[in-house]
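# Descriptive structure summary
This is what each chain is made of:
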Amino acid sequence: MTTLKLIAGLATGAMLLASTAVAQGYPERQITMVVPFAAGGPTDTVGRLIAERMSADLGQQIIVENVGGAGGTLGAGQVASAEADGYTILLHHIGMATSATLYRSLPYNPQEAFEHIGLVTEVPMTIVARKDLEPADFASLVTYVKENADTITMANAGIGAASHLCGMLFMQALEAPIVTVPYKGTGPAMTELLGGQIDIMCDQTTNTAEQIKGGTIKAYAVTTPARLDIFPDLPTVAEGGFANMEVSVWHGLYAPKGTPAEAVARLTQSLQTALADPGIAEKLAELGTAPSPAADATPEALKAKLDAEIARWKPVIEAAGVYAD
C-alpha cells in the first residue's frame with residue numbers, strides 16, 4: 001500500500017470512528033435552543049413546549065436562550081456562526097424566509113447557513129381589535145378600515161415579525177395604507193391593544209387565543225383556509241373574499257451548517273417523538289394550533305418549505321418597498 005493510500009485510509013477510518021462516536025454518544029451534555037425573539041412571545045411558547053419534551057427523549061436538557069432583535073436575525077446569525085457540533089440549535093418561524101428579502105445585507109444566507117431538522121407547527125393568525133372597536137363583523141371591518149385608513153392604527157411586533165407580515169397582506173388586500181405602529185415584541189403590542197391605544201392587530205393564536213376567549217379583545221377573522229376548532233364561529237379571510245390573505249406562522253428547527261448528520265438525525269427523531277406526544281398536541285390545541293405530522297418534521301420538508309416561502313414572500317415585500325435595513 002502506498003503512503004498516500006495509507007493516509008487516505010487512516011483519514012477515512014478516523015471519520016467513520018468520529019461519526020460512530022456521535023451516533024452512539026450524542027448528546028453527552030445540554031443543548032442550547034436559541035429562540036430569536038423575546039421570552040413569553042408566541043415562538044418562545046412553542047420552543048419551550050418542544051424543548052421540554054425533547055429533553056426527556058434525549059436524556060439531556062435543552063436550555064432555551066432568547067436572543068431577540070432585528071426581526072429574529074440576531075439569534076439566527078448567532079446560530080449560523082456557532083460551532084457545528086449539535087449542541088446549538090435554532091427554533092425560527094416564517095421570518096427565516098422573509099428575512100432573505102427584508103434584510104438586504106444579512107451576514108448569513110438563510111438557505112445555505114443551516115442544516116434542517118424539521119417543521120414543528122404552523123400557527124394560524126387572527127385579525128383582532130380593541131374590544132370597543134365599532135365594526136361588528138369582518139365585512140364591516142373591511143369597510144371601516146377603508147373609510148378610516150388615515151386615522152386607524154395597526155400594531156405589529158416590529159419589522160419582519162409575523163404580525164408585520166400579516167399586516168402587509170391585510171393592507172395589500174384592502175388596498176388601504178393603514179397607519180402602522182411597530183413595537184419591540186408582541187407583548188408591548190398586545191398591551192397597547194388591550195389598553196385601547198391601538199385599533200387593530202394581526203397576530204398568532206398563540207398570542208391572541210387567551211385574550212379572545214376572555215373577551216378582552218375583539219376577533220374578526222382567521223387567516224387559515226378553514227375555521228379553527230378553537231374558534232368555530234370565527235370566519236376565515238377567504239369567507240370574506242380575501243383568499244390571498246391566507247397565512248400561517250410555520251416554525252422550523254435548524255442547526256449550524258456542517259452539524260454531523262448523525263446529530264441532525266437524532267434531533268429529527270427526537271422532534272418527531274415530541275410532536276407525537278398527546279400532551280404536546282393538547283397544549284398546542286389550546287393555543288389554536290397542532291403539531292406538524294411526522295412527514296413534515298423532517299429535514300427535507302423543512303428545506304422545501306423554506307425555499308417555497310422565500311419565493312412567495314419576495315415579491316410581496318418588494319412591492320411594499322419596506323425593508324428592515
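First, a word on scope: everything that follows refers to the structure included in this document. Bear in mind that the values here come from a model prediction, so they are computed numbers and not experimental data.

On to the side chain of T289. Turning to its location among the elements, T289 is positioned in the loop between α10 (278-286) and α11 (299-320). Classification of T289 by relative accessible area gives buried; the value is 8%. In contact with T289, other than residues within four places in its own chain, are T121, E122, V123, P124 and L284.

The subject of this paragraph is the packing of aromatic side chains. The final tally for this structure, using the stated rule, is four aromatic pairs. Among the aromatic residues, ring-to-ring pairing joins Y108, F114 and Y254 into one connected group. The side chain of R29 reaches across the aromatic face of Y87, ending 3.8 Å from its centre. A cation over an aromatic ring shows up here: R104 above the ring of Y323, its NZ or CZ 4.1 Å from the ring centre.

The subject of this paragraph is α10. The backbone nitrogen of G279 has a side-chain oxygen 2.6 Å away, supplied by the residue at the start of α10, namely D277. A positive backbone phi angle near 80° is found at G288, which sits one or two residues after α10.

Counting 56 residues, the largest nonpolar core has F114, F138, L141, V145, F170 and I200 as the members making the most contacts within it. Residue contributions to this core peak at eight residues, all from helix α6 (residues 162-174). With residues up to four places along the chain from it excluded, the contact list for F138 reads I127, F170, Y220, A221, V237, G240 and F242. Of all hydrophobic cores here, the second largest spans 28 residues; its members include Y87, V120, L271 and I280.

Thresholds, definitions, all that
Residues numbered from 1 in each chain as written. Predicted model: local features only at pLDDT ≥ 70, side-chain atom pairs only at ≥ 80, totals over all residues. Heavy atoms only, no water. Helix = DSSP H or I, 4+ residues; strand = E, 2+ residues; numbered from the N terminus. Buried < 20%, exposed > 50% of the residue type's maximum accessible area, 1.4 Å probe, protein only. Contact = heavy atoms within 4.5 Å. Phe/Tyr/Trp six-rings, centres within 6.5 Å; stacked < 30°, edge-to-face > 60°. Lys NZ or Arg CZ within 6 Å of the ring centre and 35° of its normal. Polar contact = N/O pair within 3.5 Å; in protein donor to acceptor, adjacent residues only side chain to side chain. Core = buried A, V, L, I, M, F, W, Y, C linked by side-chain atoms within 4.5 Å.

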